[in-house]
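Analysis of the macromolecular model
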Amino acid sequence: MAAPSLLMTLDASQFQTAAEALSNLTIGPKPSRTNPTGDRRKVLDPRSIVAEKIVEVVDFVLASIRDLTPEGTGEVRRSYNVRRGFGEVRSKGTFNLVYEIASDLPDSRQVVVNALEFGSVPHEIKPVHADFLRFEIAAEDYAAEVPGREDGREVRTFVDFDGVRAVIYTTLVEHPGTQPHAMFRITAARALPIAQRIAREIARAVGASFVEVDPTRRTTS
Amino acid sequence: MSVPAESLVGSNVELSIQRFLASRWTVPASYVDADFDPDGLGGGASKPVWGALSWVEQRAGTKGVSLLQIDVVSRRTADPLARLARAARDSLVLALRVRSIPLYDFSGVVEEEDEETPIAGNVVLVQTADGRIGEPSGIVGPSPDREFWRVVVTYRFRLLSDASAADYY
């Protein structure tokens, strides 16, 4: 199962359409400050405005994913990171801005992120690199019954019990499965209205910046 | 259009969706089937394929969305080529390929004979984040997960009253 990640793409063509609609201008062939064709079109690089605003969404997304991740050892919580890149080059020479939020854990540990996102089916855990599995549980959670014994399988279990904590050493754990925490999917659902609001703000800000440098507007007003 | 306040209770939304799913999807699933027992521990035969429902976000009715994760699970011993898992996945997608799900009020339902009351003027929309209606938000699998094939299907629901601009609250 592929490791979960959240991809935010700023579609350059849609963005351009929105900015043009708000500014009555055509965005030129290159995002440069001067227009080589010499007509009235002025072109700004909208990426600085976009980057400034999009940080808001990225911050929200990161905070939400961290918040929804169970604390555990904190390994997964600390591992989330944002990667920024440019997508495919479009015909007009503009770029799609892509932000990817994912866990930086090595591939061998991505299974943990997967299990937290999608949950896990009931399964058995057996020691691979040692003879016994070792874990601690609270005294009140300790049940006298030992997993696996009733169906005749050979399971060796030892308990080191000090009245407060019970340390279990065993050769088999019947894990009941985990509920999905769906950090990425819940965040995607929550971030959507925020992303839409910020997209509108970006389009408005870019549109306004075009209006300011439009010489025709200056002479007529 | 006025909507009674009780129609916005989250449990009504969840139960309405589960009721609808149970009436259209023939694969046994937890939370839909009260006698759900995939391993046959209660004495019946163990099931080769089943569904497991979990609500991961429950904000439909509060201007938000509800996310439902449905795991379609089959035993690799009984289903070596994951055909059963694929068939169950496809039948699930077909069962929920609807524009909306009727909303019922379950507050008066105590016993099995009690009937839920339909709520007029509001429905549950099945819609992905990018606006596609009647489709799942995500399908992952079938992928091998220990002795099982596992498909994770996510659905996104919201109330019609949440989707419209009018203020109901």
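Look up: the structure comes first, before these words.
Let us look at the structure shown here. (Residues numbered from 1 in each chain as written. Chains lettered and ligands numbered in written order. Predicted model: local features only at pLDDT ≥ 70, side-chain atom pairs only at ≥ 80, totals over all residues. Heavy atoms only, no water.)

With respect to the overall build of chain B
Looking only at helices and strands, chain B has 3 helices and 6 strands in total. When the elements of chain B are put in sequence order from the N terminus, they spell out α-β-β-α-β-β-β-β-α. In terms of C-alpha radius of gyration, chain B reaches 17 Å, essentially the compact-globule figure of 15 Å for 169 residues. Taking the principal axes of its C-alpha atoms as reference, chain B extends roughly 55 × 40 × 20 Å. Residue pairs in contact within chain B that sit at least 24 positions apart in sequence constitute 63% of those at least 6 positions apart. Of the roughly 8,300 Å² of accessible surface on chain B, 52% is carried by carbon and sulfur atoms. For chain B, the centre of its 17 positive side-chain charges and the centre of its 23 negative side-chain charges are spaced 12 Å apart. (Helix = DSSP H or I, 4+ residues; strand = E, 2+ residues; numbered from the N terminus. Rg over C-alpha atoms; globule rule 2.2 N^0.38 Å. Contact = heavy atoms within 4.5 Å. Areas by Shrake-Rupley, 256 points an atom, 1.4 Å probe, with all protein chains shown as cover. Lys, Arg positive; Asp, Glu negative; His and termini not counted. Charge placed at Lys NZ, Arg CZ, Asp CG, Glu CD.)

What to know about the interface of chain A and chain B
Each side of the interface is counted separately: chain A has 16 residues, and chain B has 20 residues. Here chain A and chain B share 1 salt bridge between them. Between Glu57 of chain B and Arg190 of chain A there is a salt bridge; the shortest N-O distance is 3.0 Å. Taken together, the connections running from chain A to chain B amount to 6 residue pairs in polar contact (both at pLDDT 80 or more). Those elements giving two or more residues to the side of chain A that touches chain B turn out to be helix H4 (110–118) and helix H5 (183–212) of chain A. Considering each element in turn, the side of chain A that touches chain B owes the most residues, 5 residues, to H5 of chain A. Here the residues of the side of chain A that touches chain B are counted per class, giving 9 nonpolar, 4 polar and 3 charged. (Salt bridge = Lys/Arg side-chain N within 4 Å of Asp/Glu carboxyl O. Polar contact = N/O pair within 3.5 Å; in protein donor to acceptor, adjacent residues only side chain to side chain. Nonpolar A, V, L, I, M, F, W, Y, C, P; charged D, E, K, R; others polar.)

Points about the sheet that holds strand S6 (residues 157–161) of chain A
Residues and elements named next belong to chain A. Spatially, 3 strands are ordered S5-S7-S6 in an open sheet, and the strand pairing comes out antiparallel. Pairing within the sheet leaves two strands with one partner each, and these edge strands are strand S5 (133–138) and S6. Taken pair by pair, the neighbouring strands of this sheet meet at an average axis angle of 20°, ignoring direction. (Pairing = 2+ DSSP bridges. Axes fitted to C-alpha atoms, helices over the stretch in contact; angles between N-to-C directions.)

So, the nonpolar core
General note: in soluble globular proteins, nonpolar side chains tend to be found buried as a group. Residue and element names in this part refer to chain B. Residues Trp25, Ile70, Leu92, Ile101, Tyr155 and Phe157 are the most contacted members of the largest nonpolar core, which totals 33 residues. Of all the elements in the fold, those that place two or more residues in this core are helix H1 (10–24), strand S1 (49–58), strand S2 (66–75), helix H2 (83–95), strand S3 (100–105), strand S4 (117–126) and strand S6 (148–159). The leading source of residues in this core is S6, at 6 residues. Ignoring sequence-local partners within four residues, the contact set of Tyr155 consists of Ser66, Leu67, Leu68, Ile70, Leu92, Val93, Leu96, Val126, Glu135, Pro136 and Ser137. (Core = buried A, V, L, I, M, F, W, Y, C linked by side-chain atoms within 4.5 Å. Buried < 20%, exposed > 50% of the residue type's maximum accessible area, 1.4 Å probe, protein only.)

Some words on the side chain of Ser74 of chain B
All names here are of chain B. Residue position: Ser74 is located in strand S2. The exposure class assigned to Ser74 is buried, which follows from its relative accessible area of 0%. At 2.7 Å, the side chain of Ser74 forms a polar contact with the side chain of Asp79. When sequence neighbours within four positions are dropped, the list of residues in contact with Ser74 reads Pro48, Val49, Asp79, Ala85, Glu147, Phe148 and Trp149.

Topic: H1 of chain B
Residue and element names in this part refer to chain B. Helix length check: H1, at 15 residues, gives a terminal C-alpha distance of 22 Å against a target of 21 Å (1.5 Å per residue), a fit within 8%. Every buried residue of H1 is listed here: Asn12, Val13, Glu14, Ser16, Ile17, Gln18, Phe20 and Leu21. Packed against the buried residues of H1 are S1, S2, H2, S3, S4 and S6. (Expected span 1.5 Å × (residues − 1).)

Quick look at unusual backbone geometry
For the bond from Gly141 of chain B to Pro142 of chain B, the omega torsion is 10°, close enough to zero to count as cis. Inspection of the secondary structure assignment puts Pro142 of chain B in strand S5 (residues 138–145). Although it is not a glycine, Ala182 of chain A adopts a positive phi angle of roughly 50°. Topologically, Ala182 of chain A is positioned in the loop between strand S8 (173–175) and H5. The phi torsion at Lys63 of chain B lies on the positive side, around 60°, for a residue other than glycine. Examined against the element boundaries, Lys63 of chain B turns out to sit in the loop between S1 and S2.

Observations regarding the environment of Arg132 of chain B
Residues and elements named next belong to chain B. As for its placement among the helices and strands, Arg132 is situated in the loop between S4 and S5. Since its relative accessible area comes to 42%, Arg132 is described here as partly exposed. Spatially, the C-alpha atom of Arg132 lies 9.6 Å from that of Arg99, the residues being 33 residues apart in sequence. Residues contacting Arg132, with those up to four places away along its chain left out, are Val126 and Gln127. Polar contacts involving the side chain of Arg132 include one to the side chain of Asp130, which spans 3.4 Å.

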